[in-house]
Amino acid sequence: MNYIYPEYEVVRNYARCIVCRACENQCANCVHRYIESENRMESKDDDCVNCHRCVTICPTRALKIIKSDHTFRYNSNWTGKTINEIFKQAESGGVLLSSMGNPENYPVYFDKILINASQVTNPSIDPLREPMETRVFLGSKVHKIKRDSNGKIDTSTAPQLDLSVPIMFSAMSYGSISYNAHESLAKAAEKLGIYYNTGEGGLHEDFYKYSKNTIVQVASGRFGVHKSYLDTAAAIEIKMGQGAKPGIGGHLPGAKIVGAVSRTRMIPEGSDAISPAPHHDIYSIEDLRQLVFSLKEATDYKKPVIVKIAAVHNVTAIASGVARSGADIIAIDGFRGGTGAAPTKIRDNVGIPIELALASVDKRLRDEGIRDRVSLIVGGSIRSSTDIIKAIALGADCVYIGSAALIAMGCHLCRSCQSGKCNWGIATQIPNLVKRLNPSIAYQRLVNLVTAWNHEMREMLGGMGINSIESLKGNRLMLRGVGLTDKELEILGIFHAGE
Amino acid sequence: MKINAKNIEYRELNQLIKKSKGDITIDNCIGQRYIASGLSNKKIKINGTPGNALGAYLDGAEITVLGNVQDATGDTMNDGKIIVHGSAGDALGYAMRGGRIYVRGHAGYRTGIHMKEYETKKPVIIVGESAGSFLGEYLAGGILVVLGLSGTGMVVGNFPGTGMHGGKILLRGNRIPQSLPPQISISPIEKGNFGEVETYLREYCEVFSLDYEGITKEPFFILKPNSSNPYHQMYVTN
Ligand code: SF4
Ligand code: SF4
């Protein structure tokens, strides 16, 4: 007996349906079925994840998905969601597993912050006729002027990443997403003059050609990490934490370790890929420093090392330690960050919003006089050009986008990546599903998105009378809060609107 | 080429090593870290005590240490050989995926954790005396051998093979470790039947001038995982 009534219902307008069976063919969850005797389509709502693939493909727009109005007796403590979760666990004995970012109703501070514009006394700048600098460099900055024995200034700097816009594609491993998705991200990064990130699944041999735009990740499982992987990258990211599952490791089930994914991770087909929560060789900042420097030594100090941490309660102290570990860049991932799979309860309850984490980390590093030692990247979740402007004004140097990039490629945020049956060819390794994502189209969509955001950011910068991203960085006077408490305003370091 | 490591810092020492042609002998090594990280195609002999992360990401070079090594030796090593005549610190061969590490003495905590193998790439660690707790945690591939050559007690500490889902661990002696996780099966090795491990054991004995026959006369146990998907049943889609 299945206790759970389907969450979504497939509504088919039979007057429009021409029984072309396209939906049947397109749904990897086998929701649609052809009834031959009646020459009619039928659907099994239980398996629908509301991914809109069939809806989009249907040539006569005969399909739509609606949220079921089937309900439990009203109870604001025991919601239908909670009851269903208990049913699932009572049935299986399993840990609830979900994907993509935290969907719960926590405050989104970006939506409670407003951006300034200048008028009259400090005129705005027209980005269509004036130069507007969105280029940024990430890496440790020179904090003391050094001179050689002849008194000449030493102009050497630590290695830097050079980006045309302060946006990068965040870590998503080959294995959690498809070959075609990786290719699209790599190509788009190259075209845009930014970077994409391999995640912890190694780097497929075909993508070494994008090395100039590639950040490689080193995580606790060290999958696919070897000398040429490190050598080829523009930067190396040590993954200490992930916003969607702070304190929790990664676990790619053996079923997804097939073919090239197995080769790229360098583990046998069908074997689980387990990245435990901690690096079992890192128990202190000193240990982290050792990993940072072993990577720098192995790559001759030519590449910046990024340390990625999750936004948790004591993120400021952690970031301060990381800044002293020799890392060149700190990436902070907020609790709304996406994931290919995470225990639901952790995804939805652990960590803190990125806006607060960013504001406090930036302040702490400035207070300690070490802000210049590192660049700050924030992610989880950045949804628009305004989120970026606000993040930069709160102190970020750059942002990571993951979910937004996937959505640009066609992800419909059905949050069922963990099933491995992504109907949009993104979070899957099934060849006929992967084929659905055409890298030359998806790459163009990514380029379009970032280009559009860049235009919007230039407009907003111009509106503020600012002509470069650098001048916006940490410029919190450009922000005002609405509907925020004094404490929230204090942490964000901004005034309330009207002040 | 000979390098006197006395009074030089690790960065300078490593640059000297990278720049030098041919085989190298390092004398008076005194705790310099990251020696030979990522190196291929070199033979290095070290007199003294190298610091942490010796041979990290090693990619084919051969290192012989006449002395002890510290923590994180052979971290994420890909290929090559590390031979240690003394003992090793913690996290020896972390996430190693190829090559061999032979230690004549003891090894510390968390030896060979996260080791993995792929096709012909198969990492091997052989420890002459005992290994500390958490030996072969999350082992996904490769071979770990602990010989307990001169001891009479347990050759490993607590919790060997936790989360192990590939590879094998061989323990010499007749005492079975207590705290074995349920996903591990343990069985005695039939006399002399070491399979692929024999080559490595013979090489180990040759390197340290030990008597192969004498050593392999003793009983051995082999630890293997029951499943390559230990956490399979743990989740339900939500
Ligand atoms: S899972 Fe997707 S393709 Fe299948 S019926 Fe539902 S919306 Fe359509
Ligand atoms: S990547 Fe695919 S499976 Fe995951 S949320 Fe997007 S559409 Fe759904």
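Nothing here was measured: the structure is a model prediction, and the numbers come from that model.

A. Geometry of unusual backbone geometry. Going from A:Gly380 to A:Ser381, the amide bond is cis rather than trans, its omega being 0°. By secondary structure assignment, the location of A:Ser381 is in the loop between strand E18 (375-379) and helix H11 (385-393). Here the phi dihedral of A:Val120 falls at roughly 55°; this positive angle occurs in a residue that is not glycine. Turning to its location among the elements, A:Val120 is positioned in the loop between strand E6 (113-115) and strand E7 (136-138). Here the phi dihedral of B:Ala91 falls at roughly 50°; this positive angle occurs in a residue that is not glycine.

B. Quick peek at H11(A). Residues and elements named next belong to chain A. Burial within H11 is extensive, with 8 of its 9 residues counted as buried. Turning to H11, its buried residues number three or more, namely Ser 385, Asp 387, Ile 388, Ile 389, Lys 390, Ala 391, Ile 392 and Ala 393. Looking one or two places after H11, you find Gly 395, whose phi comes out positive at around 125°.

C. Looking closely at the domain arrangement of chain A. Residues and elements named next belong to chain A. Each assigned domain of chain A is listed with its residue range as follows: domain 1 (8-94) and domain 2 (136-496). The distance between the C-alpha centroids of domain 1 and domain 2 comes to 35 Å. With 12 residues of domain 1 in contact, the opposing surface of domain 2 contributes 10 residues. Summed over both partners, the interface of domain 1 with domain 2 comes to about 1000 Å²; 47% of that surface belongs to carbon and sulfur atoms. On the domain 1 side of the interface with domain 2, the three residues burying the most area are Ala 28, Cys 51 and Arg 53, jointly 48% of the side's total. Counting every contact that joins domain 1 to domain 2 gives 1 salt bridge. Lys 345 serves as the salt-bridge partner of Glu 85, at 2.7 Å between the closest nitrogen and oxygen. Counting the contacts that link domain 1 with domain 2 gives 5 residue pairs in polar contact (both at pLDDT 80 or more). Those elements that provide at least two residues to the side of domain 1 that touches domain 2 are helix H1 (22-26) and helix H2 (53-57). For the side of domain 1 that touches domain 2, the per-class residue count stands at 4 nonpolar, 6 polar and 2 charged.

Definitions and cut-offs
- Residues numbered from 1 in each chain as written.
- Chains lettered and ligands numbered in written order.
- Predicted model: local features only at pLDDT ≥ 70, side-chain atom pairs only at ≥ 80, totals over all residues.
- Heavy atoms only, no water.
- Helix = DSSP H or I, 4+ residues; strand = E, 2+ residues; numbered from the N terminus.
- Buried < 20%, exposed > 50% of the residue type's maximum accessible area, 1.4 Å probe, protein only.
- Domains from an automatic or database assignment.
- Contact = heavy atoms within 4.5 Å.
- Buried area = accessible area lost by both parts, 1.4 Å probe.
- Salt bridge = Lys/Arg side-chain N within 4 Å of Asp/Glu carboxyl O.
- Polar contact = N/O pair within 3.5 Å; in protein donor to acceptor, adjacent residues only side chain to side chain.
- Nonpolar A, V, L, I, M, F, W, Y, C, P; charged D, E, K, R; others polar.

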